[in-house]
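Chain and residue survey
Here's the letter readout for the chains.
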Amino acid sequence: MTLGRRGAVAAGAGLVLALAGRPAAARTEESAAEGSARPRTLFIAGDSTAAQKYADAAPETGWGMALPFFLHRETAVANHAVNGRSTKSFLDEGRLAPITAALRPCDVLLVQFGHNDSKTTDPARYTDPWGSYQDNLRVFVEAARSRGAVPVLATSVERRRFDAAGNAQRSLGDYPAAARAVAADSGVPLLDIEALSLALWQRLGPEATKTYFNWTATEQDNTHFNPPGAIEVARLVARDLLRTRVLAPRETRRLDDTVPTRWITWPPAPPSAS
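Residues numbered from 1 in each chain as written. Predicted model: local features only at pLDDT ≥ 70, side-chain atom pairs only at ≥ 80, totals over all residues. Heavy atoms only, no water.

1. Considerations on helix α8 (residues 175-186)
- Between its first and last C-alpha, α8 extends 16 Å over twelve residues, near the 16 Å set by a 1.5 Å rise per residue.
- Restricting attention to buried positions, one finds in α8 the residues Tyr175, Pro176, Ala178, Ala179, Val182, Ala183 and Ser186. Buried residues of α8 fall within an arc of 160° about the axis and therefore sit on the same side. Opposite its buried face, α8 presents the exposed residues Ala184 and Asp185, each directed more than 90 degrees away. (Helix = DSSP H or I, 4+ residues; strand = E, 2+ residues; numbered from the N terminus. Expected span 1.5 Å × (residues − 1). Buried < 20%, exposed > 50% of the residue type's maximum accessible area, 1.4 Å probe, protein only. Arc of directions from axis to C-beta.)

2. Structural notes on the pattern of salt bridges
- Scanning all chains against the criterion turns up 15 salt bridges.
- The salt bridge partner of arginine 95 is glutamate 93, with a shortest N-O separation of 2.6 Å.
- Overall, the relative accessible area of 23% leaves arginine 95 in the partly exposed class.
- Take glutamate 93: its relative accessible area is 41%, and that puts it in the partly exposed class.
- Where arginine 104 meets aspartate 107, a salt bridge forms, and the shortest distance between an N and an O atom there is 4.0 Å.
- The exposure class assigned to aspartate 107 is buried, which follows from its relative accessible area of 1%.
- Several salt bridges converge on common partners, so that one network encompasses Arg170, Arg180, Asp192 and Glu194. (Salt bridge = Lys/Arg side-chain N within 4 Å of Asp/Glu carboxyl O.)

3. A look at the side chain of histidine 224
- Looking at the secondary structure, you find histidine 224 in strand β7 (residues 220-225).
- Polar contacts involving the side chain of histidine 224 include one to the side chain of aspartate 221, which spans 2.7 Å.
- Setting aside its immediate chain neighbours within four residues, histidine 224 contacts Ser48, Thr49, Lys53, Glu60, Phe213 and Asn214. (Polar contact = N/O pair within 3.5 Å; in protein donor to acceptor, adjacent residues only side chain to side chain. Contact = heavy atoms within 4.5 Å.)

4. Structural notes on the nonpolar core
- Within the largest apolar cluster, 41 residues are counted, with the highest numbers of intra-cluster contacts made by Trp63, Leu67 and Trp201.
- Those elements that provide at least two residues to this core are β1 (41-46), α4 (63-66), β3 (108-112), β4 (150-154), α9 (193-208) and α10 (227-243).
- Element by element, the count of residues in this core is highest for α10, at eight residues.
- If near-sequence neighbours (up to four positions away) are discounted, leucine 67 is found in contact with Leu42, Ile44, Val77, Ala234, Val237 and Ala238.
- Ranked by size, the runner-up nonpolar core spans 28 residues in total, among them Val82, Leu103, Ala143 and Leu190. (Core = buried A, V, L, I, M, F, W, Y, C linked by side-chain atoms within 4.5 Å.)

5. Here's the deal with the packing of helix α7 (residues 132-146) against α8
- Orientation of α7 relative to α8, taken along the N-to-C sense of each, is 40°, at an axis distance of 10 Å. By the angle between their axes, α7 is oblique relative to α8. Relative to α8, the crossing made by α7 is right-handed. Between α7, through Tyr133, Gln134, Leu137, Arg138, Val141 and Arg145, and α8, the contact on the second element is made entirely by Tyr175, Ala178, Ala179, Ala181, Val182, Asp185 and Ser186.
- Considered class by class, the residues forming the contact of α7 with α8 number eight nonpolar, two polar and three charged. (Axes fitted to C-alpha atoms, helices over the stretch in contact; angles between N-to-C directions. Parallel < 35°, antiparallel > 145°, perpendicular 65-115°, else oblique. Left-handed = near helix turned anticlockwise from the far one by under 90°. Nonpolar A, V, L, I, M, F, W, Y, C, P; charged D, E, K, R; others polar.)

6. Observations concerning the sheet that holds strand β5 (residues 190-191)
- The strand order β2-β1-β3-β4-β5 describes an open sheet built from five strands, whose pairing is parallel. Single-partner strands in this sheet number two, and they are β2 (76-79) and β5.
- Judged from the four bridges that link them, β3 and β4 form a sheet pairing that is parallel. When the sheet's bridge partners are listed, valine 108 is paired in β4 with valine 150. (Pairing = 2+ DSSP bridges.)

7. Remarks on the pairing of β4
- Counted residue by residue, β4 has five buried out of five residues, so it is predominantly covered.
- Neither face of β4 is exposed, since Val150, Val152 and Ala154 on one face and Pro151 and Leu153 on the opposite face are all buried.
- Taken together, β3, α7 and β4 form a β-α-β motif whose crossover is right-handed.
- Of the strand pairs in this sheet, β4 and β5 are connected by two bridges, and their pairing is parallel. Counted as the bridge partner of alanine 154 is leucine 191 from β5.
- On the question of chirality, the crossover connecting β4 to the parallel β5 by way of α8 is right-handed. (Right-handed = clockwise from strand over helix to strand, strands pointing away.)

Structural data, given as structure tokens:
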């Protein structure tokens, strides 16, 4: 971890130490209880699988676009996920700084990276799963804690990949295991979206999953989602936020309800979208 990245969170070092002295479960429960007195914001730091998509990309849909459907309307979602980013490029581009500045006590910082960290031929994005990837995840954790917010790590959502027998296959290498290890070592909640999404794709099977991923007349994309896939992955995320007690039951809704795909909309791209 570079000194520059450590410097980004050094101002809150005293608060980090104070928080670290209490059990992780207690910190999460206390944060949820304290946060219930006022609306909280859930910030997402991640890649294209979670990111906001715009009209020029429709029907491609990030799961972060669907997450508000499963949260109480007073729980805001601030989606800072960006296409193509890894933990390294997200930090190197300074994208954590505005999130850190906006975080308030009891807000949630949900971090999901891995797809682009594995790009071994791209030095701007590649990270070693058991080295720099874990170091970078700890930077996000420290940043959240420095502001009194709740850090949450999520393993990356799985791609659509099946073997000849129709069995859903893992494609993310050691990155999910590395994220699990950081969560355990750091005492932060973990959403195991890799395992949950793999089980979902297995239940749906090779053909049905085509309608969940960005398969169109001109594209067969097994990484990014169409509205049905984004909605179901967002449902997995919301359910696990409830299971881990990051969110209280009153902060969630519709976890077992049908969510119409027509609720997904793609606004025009702003000039700064990149």
